[in-house]
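# Chain and residue survey
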Amino acid sequence: GFAFVSLTAVVAAAEKKLTVGFAQTGAESAWRTANTNSMKTEADKRGINLKFADGQGQLENQIRAVRSFVTQRVDVIVIAPIKTTGWDNVLREAKRAKIPVVIMDRQIETTDETLFHCFVGSNFYEEGQMAVEWLAKNRDERTKIVELQGTPGSAAANDRRKAFADGLAKHSDLKIIDSQSGDFSRAKGKEVMEAFLKKHGKAIEIVYAHNDDMALGAIQAIEEAGLKPGKDIIIVSVDAIKEAVQAVADGKISVTVECNPLFGPKIYDTIDKILKGEKVERVSYNKDELFDSTNAAARVSTREY
Ligand code: GZL
């Protein structure tokens, strides 16, 4: 009767809201902002209590955040690791506290694979392969490449660089004449491109940028040097943020390989399965496509990030 219902209601109400501790990389790019927004809006939609920590691009900040999530005894910890290494100790603390850890976006290297439950993100090596194979087919006579690398030590920069270099081995006339980190940011991408232009001038024919924010910074530097991006220098990039897909439609970027950041729903679905004791894939990749002059104009208006 009445007493039973009220007891049920009380129990239901008291049922602990899922609390997730999320240690985000930073706020270095439009991709990252979209990723953060996806995690926050989806948590709100699902009534999840999301404890958000911005690593501000510093590994020690992220490690400190994970440590505090352990102290707060959150239900699950999600990490988008700035760099691949340095995680074992704090992950051991989470393991001792029996708090499952989901690695998202960028992979980590660890000696003990029981230190995290699963990985959900993109296949950066595949993105690098798509970039170099597109270039090999569409570069006309161009051969000299300058590379804007992502954050040193990050899985995204490591794998996009390795895949591109592996692809170049099959096209020996294509060669990287200079390579430097622009740390995935627009400002640094512009700065490094200015330095490349000073050093190499018109020898530069191709830019390979590990993300669109650096590509868009490079476009500013190229135009300020009185050159035409997409004509004098072609640009190959990754992420497919809306602004870059528009730049492809405008003929300034030649191709951008998608790296979808909107995987909040997939992360929380994965967490639900983990907490129910259901099996989840150890590694789960998001699907990526690419945008060039054949599809950018038609698709730019529907881009969500
Ligand atoms: C890729 C992600 C990278 C993006 C950059 O999944 O880790 O970090 O490519 C972002 O835009 O800064």
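Rules and cut-offs
- Residues numbered from 1 in each chain as written.
- Predicted model: local features only at pLDDT ≥ 70, side-chain atom pairs only at ≥ 80, totals over all residues.
- Heavy atoms only, no water.
- Helix = DSSP H or I, 4+ residues; strand = E, 2+ residues; numbered from the N terminus.
- Buried < 20%, exposed > 50% of the residue type's maximum accessible area, 1.4 Å probe, protein only.
- Contact = heavy atoms within 4.5 Å.
- Disulfide = S-S within 2.5 Å.
- UniProt positions renumbered as here; feature names shortened; annotations may be inferred.
- Near = heavy atom within 4 Å.
- Polar contact = N/O pair within 3.5 Å; in protein donor to acceptor, adjacent residues only side chain to side chain.
- 1 Å grid on protein atoms, 1.4 Å probe; cavity = no way out; pocket = protein on both sides within 12 Å on 5 of 7 lines; lining within 4 Å.
- Sits in = over half its atoms within 2 Å of the grid points.
- Nonpolar A, V, L, I, M, F, W, Y, C, P; charged D, E, K, R; others polar.
- Points joined across faces, edges and corners; volume = space filled by probe spheres on them.
- Pairing = 2+ DSSP bridges.
- Axes fitted to C-alpha atoms, helices over the stretch in contact; angles between N-to-C directions.
- Core = buried A, V, L, I, M, F, W, Y, C linked by side-chain atoms within 4.5 Å.
- Expected span 1.5 Å × (residues − 1).
- Arc of directions from axis to C-beta.
- Salt bridge = Lys/Arg side-chain N within 4 Å of Asp/Glu carboxyl O.

### Topic: the overall build of the protein chain
Along its length, the protein chain carries 11 helices and 12 strands. Overall, the protein chain is about 80 × 40 × 30 Å in size when its C-alpha atoms are taken along their principal axes. Looking at the protein chain as a whole, 53% of its 305 residues are labelled buried. Taking as baseline every contact in the protein chain between residues at least 6 positions apart, the subset at least 24 positions apart corresponds to 74%.

### Digging into the state of the cysteines
Considering all chains together, one arrives at zero disulfides under this definition. Cysteine 118 takes part in no disulfide bond, and the closest cysteine sulfur, belonging to cysteine 259, lies 17 Å away. Judged by its relative accessible area of 1%, cysteine 118 is buried. Accessibility expressed as a relative area gives 1% for cysteine 259, which makes it buried.

### Quick look at the UniProt feature "domain: Periplasmic binding protein" (unreviewed entry) in the protein chain
Per the UniProt record, "domain: Periplasmic binding protein" (unreviewed entry) is annotated on residues 20-278. Along residues 20-278 one finds 45% helix and 20% strand; the C-alpha atoms at either end are 18 Å apart.

### Here we look at the site of the ligand
Neighbouring the ligand are Glu28, Ser29, Trp31, Arg32, Asp105, Arg106, Phe124, Arg160, Phe184, Asn211, Asp239 and Cys259. Contact between the ligand and arginine 106: an oxygen atom at 2.7 Å from a side-chain N or O atom of the residue. Taking asparagine 211, its side chain carries an N or O atom lying 2.9 Å from an oxygen atom of the ligand. Assessed atom by atom at 2 Å from the grid points, the ligand resides in the largest cavity. Per-class residue counts for the shell around the ligand are four nonpolar, two polar and six charged.

### Remarks on empty space enclosed by the protein
With the rule as written, the count across this model stands at one cavity of 30 Å³ or more. Forming the walls of the largest cavity are 13 residues, and the residues nearest its centre are Trp31, Arg32, Arg106, Arg160 and Asp239. Residue assignment for the lining of the largest cavity shows that the elements contributing at least two residues are helix H2 (30-46) and helix H6 (155-168). In terms of residue class, the lining of the largest cavity is built from five nonpolar, two polar and six charged.

### Regarding the sheet that holds strand S1 (residues 19-24)
As summarised here, the arrangement of the six strands in space is S2-S1-S3-S4-S5-S11, forming an open sheet in which the pairing is parallel. The sheet is open, and its two edges are formed by strand S2 (49-54) and strand S11 (283-285), each paired on a single side. The average angle at which neighbouring strand axes cross in this sheet is 20°, direction not considered.

### Regarding the nonpolar core
Membership of the largest hydrophobic core comes to 72 residues, with the highest contact counts inside it found for Val78, Leu135, Met193, Val207, Ile253, Ile267 and Ile271. Among the elements that take part in this core, helix H8 (residues 212-224) stands out by supplying seven residues, more than any other. Sequence-distant contacts of valine 207, that is, excluding residues within four places in its chain, are made with Val146, Leu148, Met193, Ile222, Ile233, Ile234, Ile235 and Val236. Counting 23 residues, the second largest nonpolar core, distinct from the first, contains Leu59, Phe69, Val74 and Ile79.

### Considerations on the environment of glutamate 141
Topologically, glutamate 141 is positioned in the loop between helix H5 (124-138) and strand S6 (144-149). C-alpha separation for the pair glutamate 141 and lysine 45, spaced 96 residues apart in sequence, amounts to 51 Å.

### Focus: helix H10 (residues 264-275)
The terminal C-alpha atoms of H10, which comprises 12 residues, lie 17 Å apart, in line with the 16 Å expected from a rise of 1.5 Å per residue. Within H10, burial applies to Gly264, Ile267, Tyr268, Thr270, Ile271 and Ile274. Taken down its axis, H10 places every buried residue within 155° of arc, on the same side. On its buried face, H10 sits against S1, H2, S2, strand S3 (76-79), strand S4 (101-105) and strand S5 (118-121). Positioned one or two residues after H10, glycine 277 has a phi angle of 75°, which is positive.

### With respect to H2
Counted at 1.5 Å a residue, the expected span for H2 with its 17 residues is 24 Å, and the 24 Å between its end C-alpha atoms agrees. After H2 finishes, the residue glycine 47 shows a positive phi value of roughly 65°.

### Considering the environment of threonine 114
Among the secondary structure elements, threonine 114 is positioned in the loop between S4 and S5. Within the structure, threonine 114 has its side chain in polar contact with the side chain of lysine 95 (distance 2.8 Å). Among the polar contacts listed, one links the side chain of threonine 114 to the side chain of aspartate 112, at a separation of 2.6 Å.

### Digging into the pattern of salt bridges
Per the stated rule, a full pass over the model turns up 25 salt bridges. Residue arginine 106 is joined to glutamate 28 by a salt bridge in which the shortest nitrogen-to-oxygen separation is 3.7 Å. Residue arginine 106 is located in the loop between S4 and S5, and its partner glutamate 28 is located in the loop between S1 and H2; the two are separated by 78 residues in the primary sequence. Look at the salt bridges and you will find they share partners, linking Glu42, Lys45, Arg46, Asp269 and Asp272 into a network.

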